[in-house]
Amino acid sequence: MKIFGKARHRPSASWRQATDRAFTLIGDGRYEDAGALLTRAADMEPWLSESWFNLALLHKFRHDWEQARAAGLRAVALLDRATGAPDWWNVGIAATALQDWPLARRAWQAYGLKVPGDRQPGGGSGEPLGMELGSAAVRLSPEGEAEVVWGRRLDPARIEVLSIPLPSSGRRWGEVVLHDGVPHGERTIVSEADGVTRVYPVFDEIELWAPSPVPTWVVLLEAATEADRDALERLAADAGFAAEDWSSSVRLLCRSCSESRMPSDEGDGEHLDPHDHSEPGHPGPLGHRTAGSGSLWVPERECGIAAPAGLVRGLLDGWVADSPDTREWRDLEEVC
């Protein structure tokens, strides 16, 4: 957890002892006691960037963004290299949390990233949009009932959630979460178009950055075929919202598996997923058997829907009306 870079002076034994003890306390969640030790270490060696980097880390763990920004700026002022230091990444996270966009831009640039709009007249002061960092996964509530969902990276510290999270996460589709910079795990997807395996990092959520007004619903569907299920997902997407078949998209994983490289699709045929630690035979959040294209389709599906209250029933009724002989829904409930 500690990062020691090149320093102008070798830190004293007292500094190292206080710092080591502080990070042991951080691992135990004793942030106040750790803060006292790291403050003492910074008083002993104020010319070391590591003193302030460690304090900035502590304040990040505590979500004290004003203090994280202040300590981070002290750290970068003492750096002996121009770009790429992790100190700048922590400054960028703190600045993003505070919506201090000029500092966030400066931090990402100092880290070595290109930020669009810097050369536009009057630009460079607003929210850094269009960084095109692609898709990634984010682990919601990493210290609680952690759930990994898919999202779109808005910038190096924020992800917009594009999956429909389970209600236990307390998160909604369309929310923006602040995330840490170091991935914990990966997810792989094999493209059906070209057979290429693509690897996506899994970042840990730090906190909710922007809430979503769109509620989450759970509904039981009777969908005679996969095409019927897919039709509801397309209908919701066309309306600007989302539907997700939780019966096939949810796996319960232990922490070790979740933080490793995991395939998002286990391939063809019906088989037990060796990484799935739920009870086989129960769909959705209770666990399931992974199923490929050759397996038997189960018409009853537990589906999550992200849509306004005034629209959700109309979506479901319209879905049924398009093929009443193969589609039904029941037990609609708002869950988040």
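You'll find the structure just up there.
Residues numbered from 1 in each chain as written. Predicted model: local features only at pLDDT ≥ 70, side-chain atom pairs only at ≥ 80, totals over all residues. Heavy atoms only, no water.

Caption draft 1: How the structure looks around the environment of Pro11. By the element assignment, Pro11 lies in the segment before helix H1 (13-27). It is 9.0 Å that separates the C-alpha atoms of Pro11 and Met44, two residues lying 33 residues apart in sequence. Ignoring anything within four residues of it in the chain, the contact list for Pro11 reads Arg16, Glu45 and Leu48. (Helix = DSSP H or I, 4+ residues; strand = E, 2+ residues; numbered from the N terminus. Contact = heavy atoms within 4.5 Å.)

Caption draft 2: Here's a closer look at the packing of helix H5 (residues 86-97) against helix H6 (residues 101-111). Put simply, H5 and H6 touch, their axes get as near as 8 Å, and they point 160° apart. By the criterion of interaxial angle, the relationship of H5 to H6 is roughly antiparallel. H5 and H6 meet at a crossing whose hand is left-handed. Where H5 approaches H6, its residues Pro86, Trp88, Trp89, Val91, Gly92, Ile93, Ala95 and Thr96 are matched on the opposing element by Trp101, Leu103, Ala104, Arg106, Ala107, Trp108, Ala110 and Tyr111. Counted by class, the contact of H5 with H6 contains 13 nonpolar, two polar and one charged residues. (Axes fitted to C-alpha atoms, helices over the stretch in contact; angles between N-to-C directions. Parallel < 35°, antiparallel > 145°, perpendicular 65-115°, else oblique. Left-handed = near helix turned anticlockwise from the far one by under 90°. Nonpolar A, V, L, I, M, F, W, Y, C, P; charged D, E, K, R; others polar.)

Caption draft 3: Examining the side chain of Ser51 more closely. Positionally, Ser51 belongs in helix H3 (residues 49-61). Classification of Ser51 by relative accessible area gives buried; the value is 2%. (Buried < 20%, exposed > 50% of the residue type's maximum accessible area, 1.4 Å probe, protein only.)

Caption draft 4: How the structure looks around empty space enclosed by the protein. This model, assessed by the stated rule, comprises two cavities of 30 Å³ or more. Computed from the structure, the second largest cavity encloses a volume of approximately 40 Å³. Broken down by element, the lining of the second largest cavity gets its largest block of residues, four residues, from H5. Looking at the lining of the second largest cavity residue by residue, the classes come out as six nonpolar, one polar and one charged. (1 Å grid on protein atoms, 1.4 Å probe; cavity = no way out; pocket = protein on both sides within 12 Å on 5 of 7 lines; lining within 4 Å. Points joined across faces, edges and corners; volume = space filled by probe spheres on them.)

By themselves, these are just geometric observations and shouldn't be taken as functional.
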